[in-house]
Amino acid sequence: MSGGTTGKTGGRTPPSRDGADRSARRREQRGWYFYDFACSVYSTSVLTVFLGPYLTSVAEAASDGDGFVHPFGIPVRAGSLFAYSVSLSVIVAIVLMPVAGAAADRTGRKKPLLAAAAYTGAAATAGMFFLDGERYLLGAFLLIVANASLSVSMVLYNAFLPQIAQADERDAVSSRGWAFGYTSGAFVLVLNLVLYTGHDGFGLSETEAVRICLASAGLWWGAFTLVPLRRLRDRRVARSGEGAVGSGWKQLRDTLRDMRRRPLTLSFLLAYLIYNDGVQTVISQASVYGSKELGLDQTTLITAVLLVQVLAVAGALGMGRLARTHGAKRTILGSLAVWTAILAAAYFLPADTPVFFYLLAAAIGLVLGGSQALSRSLFSHLVPPGKEAEYFSAYEMSDRGLSWLGPLVFGLAYQLTGSYREAIVSLVVFFVVGAALLARVPLRAAVAAAGNPVPARI
């Protein structure tokens, strides 16, 4: 007599439907974490560490006697090329993100779109192996494709979260994905450090070692993307009659129109977009500044970014504790004061002094994760009930959509002055203006206006 799984045969009770659903969610969640594990290597190894200084060197090799390159006949300082390329990549992403998001919402087929965006970005990153000599246009093109693809893929990746995690699970699931990303970024940076510092022992030139580090990030991105593509599943939805492009921009317009009826929520979002643009620009341009202005070698830059990776986790936890005592708004304002002090210190930082650069990296790590995590938490209180998905979609779109302005300001400052010190200090305006706007937002009134209970401390 075989033991059954239905009724009370053999004394067994039927498996809980909720238990089966929970098991299925856990499987998808574990797969979901791995996309952050896959793509974060691009953000750390490529965008933050290697590509900025390397692409700038390639452009300098192709520049004229005055230090300018001429893409399509336009005079551009070689030192501004990387910043301009980052800025242009975000503009491309602004066009593509609503199209991809609307197509995903309209068809329910997020996985094929995620695969297309991920593998386009991974292929462009792997193609950076061929970036040598004076091929600065190739480097700029690959950067634009890879960066825009990452932005599009992250919109699709984040769209899975409400489907794979219940409301009370989302903070924990989101945090684990974030932790997976920092873990992979730090691990691969250690491997990069071993390869770069020991390139002679591996029979490689310094340039070849950098190109391998760049390309390996693309291979890592593509390989580990297979995990979420196997674990995640699409949910079929009723098809809309409107095209992806029209519905994407219409949804964004409708959400922004709804936000206009909640001006305090919109005021907070504007403040966040400005100071977060400063944060993202400092992270993306720090290696160029350290390499070209301070004369620091690649080993120093890699270890500094590793320090940021490690301290960002501790800083987020520490700022979370400060927020419980002093409130999230005051804690964020304090972090923005620290960011401003970091830029002021960077302006006066003497060249060829790695220890001071490490101190700045430590300060960045301590405020980086917390300022972003607390900002997202504050915004969640300002979202009206029942509109979480559309508001956070606009939050993600707007976050990435404005982040072209900081690199543009950095690039223009260097273009006009020829000084990276002037370029880095120009970013102070984002933190000062963002902090001033945030300070003016009455958060308790904003939370109440959104129809949410006001926390005891915010």
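Residues numbered from 1 in each chain as written. Predicted model: local features only at pLDDT ≥ 70, side-chain atom pairs only at ≥ 80, totals over all residues. Heavy atoms only, no water.

A. Molecular detail of the side chain of Arg211. Looking at the secondary structure, you find Arg211 in helix α7 (residues 206-231). Look at Arg211: it is buried, it has no salt bridge, and the nearest opposite charge is Asp132 at 4.0 Å. Engagement of the side chain of Arg211 in a polar contact is seen with the backbone oxygen of Phe129, the distance being 2.6 Å. In contact with Arg211, not counting residues within four places along its chain, are Tyr54, Met128, Phe129, Leu131 and Asp132. (Helix = DSSP H or I, 4+ residues; strand = E, 2+ residues; numbered from the N terminus. Buried < 20%, exposed > 50% of the residue type's maximum accessible area, 1.4 Å probe, protein only. Lys, Arg positive; Asp, Glu negative; His and termini not counted. Salt bridge = Lys/Arg side-chain N within 4 Å of Asp/Glu carboxyl O. Polar contact = N/O pair within 3.5 Å; in protein donor to acceptor, adjacent residues only side chain to side chain. Contact = heavy atoms within 4.5 Å.)

B. Summary view of the layout of surface pockets. Roughly 300 Å³ of volume is contained in the second largest pocket. Forming the walls of the second largest pocket are 14 residues, and the residues nearest its centre are Pro71, Leu81, Tyr84, Ser85 and Leu88. If one sorts the elements of the lining of the second largest pocket by residue count, helix α2 (residues 81-107) sits on top with five residues. Looking at side-chain class alone, the lining of the second largest pocket contains twelve nonpolar, two polar and no charged residues. (1 Å grid on protein atoms, 1.4 Å probe; cavity = no way out; pocket = protein on both sides within 12 Å on 5 of 7 lines; lining within 4 Å. Points joined across faces, edges and corners; volume = space filled by probe spheres on them. Nonpolar A, V, L, I, M, F, W, Y, C, P; charged D, E, K, R; others polar.)

C. Focus on the packing of helix α9 (residues 263-293) against helix α16 (residues 428-439). The N-to-C vectors of α9 and α16 enclose an angle of 155°; their axes lie 8 Å apart at closest approach. Our classification of the angle between α9 and α16 gives roughly antiparallel. Here α9 and α16 pass one another in a crossing that is left-handed. Residues Phe268, Leu270, Ala271, Ile274, Tyr275, Asp277, Gly278, Val279 and Val282 of α9 form the contact with α16, whose own contacting residues are Phe430, Phe431, Val433, Gly434, Leu437 and Leu438. Of the residues contributing to the contact of α9 with α16, the split by class is twelve nonpolar, two polar and one charged. (Axes fitted to C-alpha atoms, helices over the stretch in contact; angles between N-to-C directions. Parallel < 35°, antiparallel > 145°, perpendicular 65-115°, else oblique. Left-handed = near helix turned anticlockwise from the far one by under 90°.)

D. Up close: the packing of aromatic side chains. Scanning the entire structure with this criterion turns up 21 aromatic pairs. Where Phe37 meets Phe224, the ring centres are 5.0 Å apart and the plane angle is 75°; that geometry is what we call edge-to-face. Within this pair, whereas Phe37 is found in helix α1 (residues 17-62), its partner Phe224 is found in helix α7, the two being separated by 187 residues in sequence. A relative accessible area of 14% means that Phe37 is categorised as buried. One aromatic cluster is present, built from ring pairs that chain together Trp32, Tyr33, Phe34, Tyr35, Phe37, Tyr157, Phe180, Phe187, Trp220 and Phe224. (Phe/Tyr/Trp six-rings, centres within 6.5 Å; stacked < 30°, edge-to-face > 60°.)

E. How the structure looks around the confidence of the model for the chain. Per-chain confidence: the chain averages 85 in pLDDT, with 87% of residues scoring 70 or above. Confidence over residues 1-15 falls short of pLDDT 50; this stretch has ten contacts with residues more than four positions distant or in other chains. (pLDDT = per-residue confidence, 0-100.)

F. Inspection of the pattern of salt bridges at higher detail. Within the structure shown, the criterion is met by four salt bridges. A salt bridge links Glu28 to Arg233, with the nearest nitrogen and oxygen atoms 3.6 Å apart. Taken together, the residues Glu28 in helix α1 and Arg233 in the loop between α7 and α8 (244-260) connect sequence positions 205 residues apart. A salt bridge links Asp132 to Arg135; the shortest N-O distance between them is 3.6 Å.

G. Up close: the nonpolar core. Core analysis: the biggest nonpolar cluster contains 130 residues, and Trp32, Leu51, Trp221, Phe268 and Trp339 have the highest contact counts within it. The biggest single contributor to this core is α1, with 17 residues. The contacts of Phe268, once residues within four sequence positions are left out, are Tyr275, Ser375, Leu378, Phe379, Leu382, Leu438, Val441 and Leu443. (Core = buried A, V, L, I, M, F, W, Y, C linked by side-chain atoms within 4.5 Å.)

H. Molecular detail of unusual backbone geometry. The backbone phi angle of Phe72 is positive, close to 55°, even though this residue is not glycine. Topologically, Phe72 is positioned in the loop between β1 (68-69) and β2 (76-77). Judged by relative accessible area, Phe72 falls into the exposed class, the value being 76%. Of note, the phi angle at Asp352 is positive, near 55°, even though the residue is not glycine. Here Asp352 is to be found in the loop between α11 (328-348) and α12 (354-381).

I. Layout of the environment of Val41. If you trace the backbone, Val41 turns up in helix α1. The exposure class assigned to Val41 is buried, which follows from its relative accessible area of 0%. Here the alpha-carbon distance between Val41 and Thr183, two residues 142 residues apart in the chain, equals 9.4 Å. Beyond its immediate chain neighbours, meaning those up to four positions away, Val41 contacts Val46, Ser184, Gly185, Val188, Ala217 and Trp220.

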